[in-house]
Amino acid sequence: MPLKHRLTGIIMAVTLSALLVVCLAVGLHQRGAFKDSLLREISLQGTPVAEKCRAALQGGAAASVDSILATLAIHDHILAAAVYGEDEELLASYYAAGSPPAIAWPDARLPDASVQPHSIALSIPLGDPAQPLGTLLLAGDTTELRSRTWELFAVIASASLAAVCLGVFLAARLQRIISSPVLHLADITQEVVFARDYSLRAKQKCSGELGRLISGFNEMLEQIQRRDAALQRAHNELEKRVAERTVELNNANAFLTGLLEENQETQSRLEAASEKAMAAAEAKSAFLASMSHEIRTPINGLLGFARLLGDTSLPRTQKEYVDIINSSGKGLLTIINDVLDFPKLEAGKLTMSIEPFNLRKVVSDVADLLAAQAAEKNITLAVSYPDDQPCMAYGDFGRVHQVLLNLAG
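Residues numbered from 1 in each chain as written. Predicted model: local features only at pLDDT ≥ 70, side-chain atom pairs only at ≥ 80, totals over all residues. Heavy atoms only, no water.

Colleague: Can you explain the pattern of salt bridges? Please cite residues and give values.
Modeller: Between side chains of opposite charge, a pair can form when the charged atoms approach closely. This structure, assessed with the given rule, holds 6 salt bridges. A salt bridge links Arg 227 to Asp 228; the nearest nitrogen and oxygen atoms lie 3.3 Å apart. Here Arg 245 ties to Glu 248 by a salt bridge, and the two come within 3.9 Å at their closest N and O atoms. With Arg 245 and Glu 248 both in helix H4 (residues 208-311) and 3 residues apart, the pair spans about one turn of that helix. The class of Arg 245 is partly exposed, set by a relative accessible area of 47%. Residue Glu 248 is classed as partly exposed on the basis of its relative accessible area of 46%. What emerges from the salt-bridge pattern is a single network uniting Glu 244, Arg 245 and Glu 248. (Salt bridge = Lys/Arg side-chain N within 4 Å of Asp/Glu carboxyl O. Helix = DSSP H or I, 4+ residues; strand = E, 2+ residues; numbered from the N terminus. Buried < 20%, exposed > 50% of the residue type's maximum accessible area, 1.4 Å probe, protein only.)

Set out below in structure tokens:
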């Protein structure tokens with residue numbers, strides 16, 4: 001759909017929507033006003049009759065209520081009337097000539113006002129509204145209400161049709177203010193796209209937002225034209241530099257070829273050195289494993305005899321010395337075992353022993369091992385282990401013992 005048709009459609013859609021809302025609101029308001037006017041008229045006509053009916057009921061002359069209701073015949077708008085007693089019993093009724101053949105009065109009282117298809121009903125209490133003697137029901141004719149409503153909607157429809165025609169005419173005229181500059185700008189854009197001629201410019205025909213749009217479009221073309229000129233100059237300069245760099249690159253390639261040959265010789269020497277280093281590492285690991293095994297054999301013998309000596313009957317002091325020898329031997333054996341961990345470290349296969357152990361005992365064993373050395377240097381070595389600290393821990397007993405021994409040593 002062309003832009004001008006879309007603008008016209010948008011303007012008409014907005015106009016019709018606003019017009020529909022206004023007409024609907026005015027129509028409903030006027031119809032409500034007509035209904036209120038009819039109810040006031042019926043109420044004014046029925047109030048004197050209600051007073052007479054109340055007086056008749058208070059005087060015990062309920063039979064005269066029929067004649068009182070008959071006086072409503074002088075009012076053209078009253079179609080029917082009925083009087084209900086306190087017990088909601090129908091006492092009397094009245095139907096005007098030409099009324100609907102059957103107006104079904106409810107057994108219960110109607111609300112204050114209710115609109116029915118061909119009539120409008122109104123209830124008036126007889127006497128005190130808190131304790132009425134009965135209720136007077138009046139049914140009014142809605143023919144005039146319907147007639148005035150149709151007349152109102154006819155006037156609204158005529159005015160709406162005239163407004164639509166005027167809106168179509170104005171929309172067709174006013175859309176040119178927007179569509180003409182936009183279509184001109186679209187034509188210039190198409191010509192620029194197909195011809196790639198950035199020297200073209202759109203004519204400034206209007207101001208405001210569209211004027212700023214056209215100015216911005218012309219400025220964009222100006223910037224593109226300047227950019228193309230700058231790119232062409234840069235392209236020429238780049239070709240010149242490429243030629244110069246090509247010569248420099250050829251010289252650099254020759255130099256790099258020489259370096260590459262030197263690097264290959266250096267790499268061969270490094271590979272030979274690496275093989276020697278690996279052989280040395282393997283020899284070191286073999287030596288550590290052999291020496292650790294050789295040292296561990298006599299230590300195990302010492303620990304065995306220390307354990308046997310501890311099982312004999314010895315004085316308390318000698319018993320403590322034997323326990324220290326046994327603990328020191330175990331610590332030394334742990335260190336020897338750790339020597340074997342170096343090859344594992346290099347191979348990335350070192351493992352930790354995770355199990356419960358008594359942390360208080362580890363601390364006490366370290367203090368016992370270092371007590372003799374501390375005494376030789378006149379250093380008092382004491383262990384303070386608070387009672388609220390947990391005794392049991394979870395980890396590698398031997399490595400915790402080793403760490404504490406190294407730190408304390």
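Colleague: Quick rundown of unusual backbone geometry? Include the residues and the values.
Modeller: A positive phi angle is found at Asn 378, which is not glycine, with a value near 55°. As for its placement among the helices and strands, Asn 378 is situated in the loop between helix H7 (359-376) and strand E7 (392-395).

Colleague: Outline H7, supporting the account with residue identities and numerical values.
Modeller: Its 18 residues give H7 an end-to-end C-alpha distance of 27 Å, which sits within 8% of 26 Å, the value for a rise of 1.5 Å per residue. All buried positions along H7 are accounted for by Val 362, Asp 365, Val 366, Ala 367, Leu 369, Leu 370 and Ala 374. Its side-chain oxygen 3.0 Å from the backbone nitrogen of Arg 360, Asn 358 forms the N-cap of H7. Downstream of H7 by one or two residues, Asn 378 has phi in the positive range, about 55°. (Expected span 1.5 Å × (residues − 1). Polar contact = N/O pair within 3.5 Å; in protein donor to acceptor, adjacent residues only side chain to side chain.)

Colleague: Report on the nonpolar core, specifying residues and quantitative values.
Modeller: Among the nonpolar cores identified, the biggest contains 24 residues, and Cys 53, Val 65, Leu 69, Leu 72 and Leu 136 are the most heavily contacted of them. Taken together, the elements giving at least two residues each to this core come down to helix H1 (3-58), helix H2 (65-70), strand E1 (78-84), strand E2 (90-95), strand E4 (119-126) and strand E5 (134-141). Of the residues forming this core, the biggest block, 8 residues, is contributed by H1. Setting aside its immediate chain neighbours within four residues, Leu 72 contacts Gln 45, Val 49, Ile 78, Ala 81, Tyr 94 and Leu 138. (Core = buried A, V, L, I, M, F, W, Y, C linked by side-chain atoms within 4.5 Å. Contact = heavy atoms within 4.5 Å.)

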